[in-house]
Amino acid sequence: MQPRDRVNRAFSRAASSYEQSAVVQKEVASRLVSLLPDRLVLEQVYEFGCGTGLLTRALEERCHITHWHINDLSSVMLEQLPPLGDKKPFLWVGDAEEVTPYHLLNSFDLIASASTLQWFSDPLGYLSKIFPMLKDVGMILFSTFGERNLYELRMLTGRGLDYISMEEIGDFMHRHFYEVTLFEEQIPLAFPNLLTLFRHLKETGVTQLLKNNTPSLLTSREALEQLEIRYRELYWHSDGGLSLTYHPIYVKASLPKR
């Protein structure tokens, strides 16, 4: 199975549990939208990787948006989108790197995304392809996850995504925009045991840490117990429980350089 198909299946299966379990992603969407002026008027907005609509809902509450274009890899996730007033959005179902309406040049006041770019094979390459879709006074608003994301589990298992650094993102954005806002934070969560931690990942669609092409460390109860012992030795949360760190990076940029 191709990586894209695995991601699609994982998120489709997590569609019903995502809203309840994605506590960090919800916080990230809220923080991201707070970078925009309140009651901002936008004629055309494109959001890629919308998931169940955490960012969509936050944008709808903060801005007045006339026309929506919305993408997600999973059609099941798109079914969870909240109502957008009396507006019917244009839906682009599939891999954003393939279905994004690149032909709509100078069309969008805002291109937005939350907690999505880390899944792309070439995130910066994708961004460079969508910049021409922005109007001359357009903005891009997005979050992704940085190098310390889920680092505890990645260090113990050797599994996980390859993340780009905030420095790389900053250098790239400053080459393409006149105005750039960029910052990061780390959000630690605590779980009582390893099974609860894994359940959290599964319910948010993040299963790439548990399955890849290397031999599995999680083939038996004994393997799980040994992994949990090691986890408790190295990454015990100050509030009690196993620590799992999220590392969101926030970006807002405007006035694209042509």
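Check the entry above for the structure.
The structure contained in this document is the topic of the report that follows. Just so we're clear, the structure is a prediction, and the values are computed from it rather than from any experiment.

### Notes on the side chain of E47
Its location among the elements puts E47 in strand β1 (residues 40-47). The side chain of E47 sits in the buried core without any salt bridge; R57 is the nearest counter-charge, 9.7 Å away. Not counting residues up to four positions away in its chain, the partners in contact with E47 are L55, T56, W68, H69, I70, N71 and A112.

### Examining the pairing of strand β9 (residues 248-256)
Counting buried positions along β9 gives 8 out of 9 residues, so the element sits mostly inside the fold. Direction of pairing for strand β5 (residues 134-145) relative to β9: antiparallel, over a ladder of 7 bridges. If you follow M139 over to β9, its bridge partner there is S254. Note: strand β6 (residues 177-184) against β9, 7 bridges, orientation antiparallel. Within the sheet, the bridge partner assigned to V180 lies in β9 and is A253.

### With respect to the pattern of salt bridges
Scanning the model with the defined rule gives 7 salt bridges in all. The salt bridge involving R57 is made with E19; its shortest N-O contact spans 3.8 Å. Taken together, the residues R57 in helix α4 (residues 54-62) and E19 in helix α2 (residues 15-21) connect sequence positions 38 residues apart. The class of E19 is partly exposed, set by a relative accessible area of 25%. Its salt-bridge partner being D136, residue R258 comes within 3.2 Å of it at the nearest N-O pair. In this pair, R258 sits in the segment after β9 while D136 sits in strand β5, placing the two residues 122 residues apart along the sequence. Judged by relative accessible area, which is 53%, D136 ranks as exposed. Linked through salt bridges whose partners overlap, the residues forming this network are E43, D109 and K135.

### With respect to the packing of aromatic side chains
A full pass over the atoms with the stated rule returns 14 aromatic pairs. Seen from their ring centres, Y102 and Y126 are 6.5 Å apart, and the 70 degrees between their planes marks the pair as edge-to-face. Here the residue Y102 occupies a position in the loop between α6 (96-99) and β4 (108-113), and Y126 occupies one in helix α7 (residues 123-130), the gap between them amounting to 24 residues. Given a relative accessible area of 21%, Y102 falls into the partly exposed group. Measuring from centroid to centroid gives 5.8 Å for F145 and Y246, while their planes differ by 55 degrees, and the two rings are tilted. Taken together, the positions of F145 in strand β5 and Y246 in strand β8 (residues 242-246) put the pair 101 residues apart, joining distant regions of the chain. Taking relative accessible area as the criterion, F145 reaches 4% and is therefore assigned buried. One aromatic cluster is present, built from ring pairs that chain together Y46, F48, Y102, F108, F120 and Y126. Directly above the ring of Y250 sits R31, whose terminal nitrogen or CZ lies 5.6 Å from the centroid.

### A few points about the environment of Y231
Looking at the secondary structure, you find Y231 in helix α11 (residues 221-234). For Y231, a relative accessible area of 0% translates into the label buried. In sequence terms Y231 and S243 are 12 residues apart; their C-alpha atoms lie 8.6 Å from each other. Non-local contacts of Y231, meaning those with residues more than four positions away in its chain, are made with E152, L153, L156, L194, L197, W236, L242, S243 and L244.

### With respect to the packing of helix α10 (residues 194-203) against α11
What describes two packed helices is the angle between their axes and the distance between those same axes. At a closest axis distance of 10 Å, the pairing of α10 and α11 adopts a crossing angle of 95 degrees. By the criterion of interaxial angle, the relationship of α10 to α11 is roughly perpendicular. Listed contacts from α11 to L194, L195, L197 and F198 of α10 are L224, L227, E228 and Y231.

### What to know about a negative patch on the surface
A cluster of acidic side chains, namely E147, E167, E168, D171 and E184, defines a negative patch on the protein surface. Here the negative patch takes 3 residues from helix α9 (residues 166-176), the largest share from any one element. Mapped onto the fold, D171 is located in helix α9.

### Side note on a positive patch on the surface
A cluster of basic residues, R6, R9, R13 and K202, forms a positive patch on the protein surface. In terms of residue count, helix α1 (residues 3-13) provides more of the positive patch than any other element does, 3 residues in total. Its location among the elements puts K202 in helix α10. By relative accessible area, which is 58% here, K202 ends up exposed.

Calculation rules
- Residues numbered from 1 in each chain as written.
- Predicted model: local features only at pLDDT ≥ 70, side-chain atom pairs only at ≥ 80, totals over all residues.
- Heavy atoms only, no water.
- Helix = DSSP H or I, 4+ residues; strand = E, 2+ residues; numbered from the N terminus.
- Buried < 20%, exposed > 50% of the residue type's maximum accessible area, 1.4 Å probe, protein only.
- Lys, Arg positive; Asp, Glu negative; His and termini not counted.
- Salt bridge = Lys/Arg side-chain N within 4 Å of Asp/Glu carboxyl O.
- Contact = heavy atoms within 4.5 Å.
- Pairing = 2+ DSSP bridges.
- Phe/Tyr/Trp six-rings, centres within 6.5 Å; stacked < 30°, edge-to-face > 60°.
- Lys NZ or Arg CZ within 6 Å of the ring centre and 35° of its normal.
- Axes fitted to C-alpha atoms, helices over the stretch in contact; angles between N-to-C directions.
- Parallel < 35°, antiparallel > 145°, perpendicular 65-115°, else oblique.
- Patch = residues over 30% accessible without salt bridge, like charges linked within 9 Å, V, L, I, M, F, W, Y side chains within 5 Å.
- Areas by Shrake-Rupley, 256 points an atom, 1.4 Å probe, with all protein chains shown as cover.
- Charge placed at Lys NZ, Arg CZ, Asp CG, Glu CD.

Don't take any of this as a statement about function, it's just geometry.
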